[in-house]
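Report on the structure
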Amino acid sequence: MDVQKILSAVACVLVLSSCGNKKSSSSVFPENGALDSSACMGQAIQNKFIVQWEDGKFTVESAKDADEFTKKFIEPNLENIRYVEYDRHLQVEKTDEVRTTGFTDSWGQDKVSVRNVWAQGVYGQNVKVAVVDAYVDYTHPQIAPRIAINTGEIPNNGKDDDGNGVVDDYYGASFVSVPSNNQTPSSHGTHVAGIIAADSRYGSVEGMAPQAQIIPAQFIANDGGGSLGDAVLALQYSASRGAKIINASWGGAPCVASLRNTFQELQNKGILVVVAAGNDGRDIDVYPEFPASFNFSNQITVAASSVTDFMTSWSNSGFNFVHLAAPGERILSTVPGNTTAYMDGTSMAAPFVTGAAALLWSARPNATATQIKQAILQSVDVSAGHEFKVNTRGRLNVDRALQVLKQLVP
Ligand SMILES: [Ca+2]
Ligand SMILES: [Ca+2]
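Since we're looking at a predicted model, the values are computed, not measured.

Conventions and cut-offs
- All chains use their own residue numbering, which begins from 1 and follows the written sequence.
- Key to labels: chains lettered from A, ligands numbered from 1, both in the order written.
- With pLDDT at 70 or above as the cut-off, local features in this predicted model cover only qualifying residues; side-chain atom pairs require 80 or more to be listed or tallied, and sums for whole chains, interfaces and linings still use all residues.
- Side-chain metrics in this entry use all non-hydrogen atoms of the structure; hydrogen atoms and water are not considered.
- Under the scheme used here, helices are H or I runs from DSSP no shorter than 4 residues and strands are E runs no shorter than 2 residues, and both carry numbers assigned from the N terminus.
- With a 1.4 Å probe rolled over the protein chains alone, any residue whose accessible area is under 20% of its type maximum counts as buried; one over 50% counts as exposed, and the rest are partly exposed.
- Throughout, a residue-residue contact means that at least one pair of heavy atoms, one from each residue, lies within 4.5 Å.
- For accessible areas, the Shrake-Rupley method is used with a probe of radius 1.4 Å. Any residue's cover is judged against the shown protein chains and nothing else.
- Only four residue types enter the charge count, namely Lys and Arg as positive and Asp and Glu as negative; His and the chain termini do not.
- Every charge is mapped onto a representative atom, which is NZ of Lys, CZ of Arg, CG of Asp or CD of Glu.
- Paired strands are those between which DSSP finds at least two bridges.
- Patch building starts from residues that exceed 30% relative accessible area and form no salt bridge, then joins like charges within 9 Å and nonpolar side chains (Val, Leu, Ile, Met, Phe, Trp, Tyr) within 5 Å.
- In the sections that follow, a salt bridge refers to a side-chain nitrogen of Lys or Arg positioned within 4 Å of a carboxyl oxygen of Asp or Glu.
- Metal coordination here is assigned from N, O and S atoms located within 2.8 Å of the ion, or within 3.2 Å for Na, K and Ca; omission of water means that sites may look incomplete.
- In these descriptions, tetrahedral denotes four donors with every angle between 85 and 135 degrees, square planar four donors and octahedral six donors with opposite donors over 155 degrees apart and the rest between 65 and 115, and irregular any other case.
- Note on terminology: a nonpolar core comprises buried Ala, Val, Leu, Ile, Met, Phe, Trp, Tyr and Cys residues joined through side-chain atoms within 4.5 Å.

Here we come to the overall build of the protein chain. Secondary structure summary: the protein chain contains twelve helices and 14 strands in total. Its C-alpha atoms give the protein chain principal-axis dimensions of about 65 × 55 × 40 Å. By residue count, 55% of the 410 residues in the protein chain fall in the buried class. Sequence separation of 24 or more characterises 74% of the internal contacts of the protein chain that already satisfy a separation of 6 or more. In the structure as shown, the protein chain presents an accessible area of about 17,200 Å², 50% of it carried by carbon and sulfur atoms. Of the side-chain charges in the protein chain, 31 are positive and 41 negative, and the distance between the mean point of each set is 5 Å.

This part covers the sheet that holds strand 10 (residues 272–276). In spatial order, the strands read 6-7-5-9-10-11-12; together these seven strands make up an open sheet with parallel pairing. Looking at the sheet topology across the chains shown, the edges are occupied by strand 6 (173–174) and strand 12 (324–327). With four bridges connecting them, strand 10 and strand 11 (residues 299–305) associate as parallel partners. Residue pairing for strand 11: Ala276 is matched across the bridge by Val302.

Here the focus is a nonpolar patch on the surface. Taken together, the side chains of Tyr138, Ile149 and Tyr171 present a nonpolar region at the surface, about 230 Å² in accessible area. Mapped onto the elements of the fold, Tyr171 is located in the loop between strand 5 (128–133) and strand 6.

This paragraph deals with the side chain of His191. Within the element layout of this structure, His191 appears in helix 7 (residues 188–197). Classification of His191 by relative accessible area gives buried; the value is 0%. Dropping the residues within four chain positions of it, His191 is found in contact with Ile331, Leu332, Ser333, Thr334, Val335, Ala341, Tyr342, Met343 and Met348.

In this structure, Glu153 (OE), Asp160 (OD), Asp162 (OD), Asn164 (OD1), Val166 (O) and Asp169 (OD) serve as the protein donors to the calcium ion (ligand 1), at separations of 2.3 Å. The coordination sphere of the calcium ion (ligand 1) comprises six donor atoms, whose angles at the metal cover 78 to 161 degrees; the geometry is irregular. Linear spacing of the donor residues for the calcium ion (ligand 1) on their chain is E-x6-D-x1-D-x1-N-x1-V-x2-D. Placement of Glu153 in the loop between strand 5 and strand 6 and of Asp169 in the loop between strand 5 and strand 6 is noted, with a sequence separation of 16 residues between them. Neither residue differs from the other here; Glu153 and Asp169 are each classed as buried.

Right, let's talk about the pairing of strand 3 (residues 81–91) for a bit. Both strand 1 (residues 44–53) and strand 3 contribute to a ladder of seven bridges, which runs antiparallel. Within strand 3, the residue paired with Val51 across the bridge is Val84.

Take helix 11 (residues 369–378) next. Along helix 11, the residues classified as buried are Ala369, Ile372, Lys373, Ala375, Ile376 and Leu377. Looking at the buried residues of helix 11, the elements they touch are strand 10, strand 11, strand 12, helix 10 (346–363) and helix 12 (398–408).

Before going further, it helps to spend a moment on the coordination of the calcium ion (ligand 2). Ligation of the calcium ion (ligand 2) by protein atoms is provided by Glu153 (OE), Ile154 (O), Asn157 (OD1), Lys159 (O), Asp161 (OD) and Asp168 (OD), these donors lying 2.2 to 2.4 Å from the ion. Every donor counted, the six donor atoms about the calcium ion (ligand 2) form angles of 71 to 178 degrees at the centre, which fits octahedral coordination. Site description for the calcium ion (ligand 2): donor spacing in sequence, E-I-x2-N-x1-K-x1-D-x6-D. We classify Lys159 as exposed; its relative accessible area is 53%. Classification of Asp168 as partly exposed rests on a relative accessible area of 22%.

The next subject is the nonpolar core. Nonpolar side chains in soluble globular proteins tend to end up buried together. Among the nonpolar cores identified, the biggest contains 58 residues, and Ile376 and Leu396 are the most heavily contacted of them. Sorting elements by how many residues they give to this core places helix 10 first, with twelve residues. When neighbours within four sequence positions are excluded, Leu396 is seen to be in contact with Val112, Met208, Leu324, Ala325, Ala326, Phe352, Val353, Ala356, Ile376 and Val380. With 47 residues, the next largest nonpolar core counts Ala173, Tyr237, Ile271 and Phe296 among its residues.

Have a look at this one:
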């Protein structure tokens, strides 16, 4: 600590209140000027800025560079700005897919004992689930009936009819600010949506919560690229549309103040967020990855278990930050083009837990996010030697989770 820092620290002790409250353009935007020493410089988008306002809301703004942005935007709005961060590139892992048609394979659904829940008339009715991900094919016959239509919006008229700040968000919304040249939609979002809620009346995929409603909130482009700012806007939109649960089958954000603040806002709103642990085969307690390693009280982070009910070799783990395992290998679900495909990944495991949470919430609509999480974590199947390197040491069992929830919320 140099002399000047010591002096200013002393000054702060003497006039504590004024030092604590004083805002400046550099206190709300600490990265400006500090980028050279930042480990995340390579990913920063130097002309886009994520702004969190004092009311908790987020916007993404553009300017020529940080100096211009400070002068023309931060300084005039300083009173109302809480925090500013550079936007950043995110690259979502590619997942291989094997397409099939007319095939039924529900090994994961069977493994987590979901049929006993369906047999009680519990299908995820009246629960909205946001898929913050790549494109979701809302025309797929098993997905179309499950979309949470925004009835205040008129589609395709170029206007924001319901005044929520998003034009034509009838089937959901896209926050992709840098579209890919690749015109073929990625399968990732549609596959995730199908695991959660594919309507089993209209095809071979048995969604975990086949009467839940999906809110597509896209921020990942067709090439798997996205940005932190676009993710923040998609998460915020999901909350504004009434999602009880948000599925986040992505990660890889190293520098994440805005993402952390967004998760904090979601926690304040009582929304459950289910996050994929990642597919790097490493311990995220030691090598944290975000959002998987945040460990908010409204967050469940999910590892991938195999067909033989072991931990997959490639799944991330962590006795602190990863809560449980769920099926993530050889998972059949919906993909664009009115067909189905097998995919592997913690991206597939997280939506099993998301679907389970939707089932629980439809059975007990007054439960809190904390109670839903507690029921899911307390009811896992723990089998000796299976080495799930996760906090609960077990794999999802939604039938037992419902029994636990019924005790928590009679
Ligand atoms: Ca709108
Ligand atoms: Ca419209």
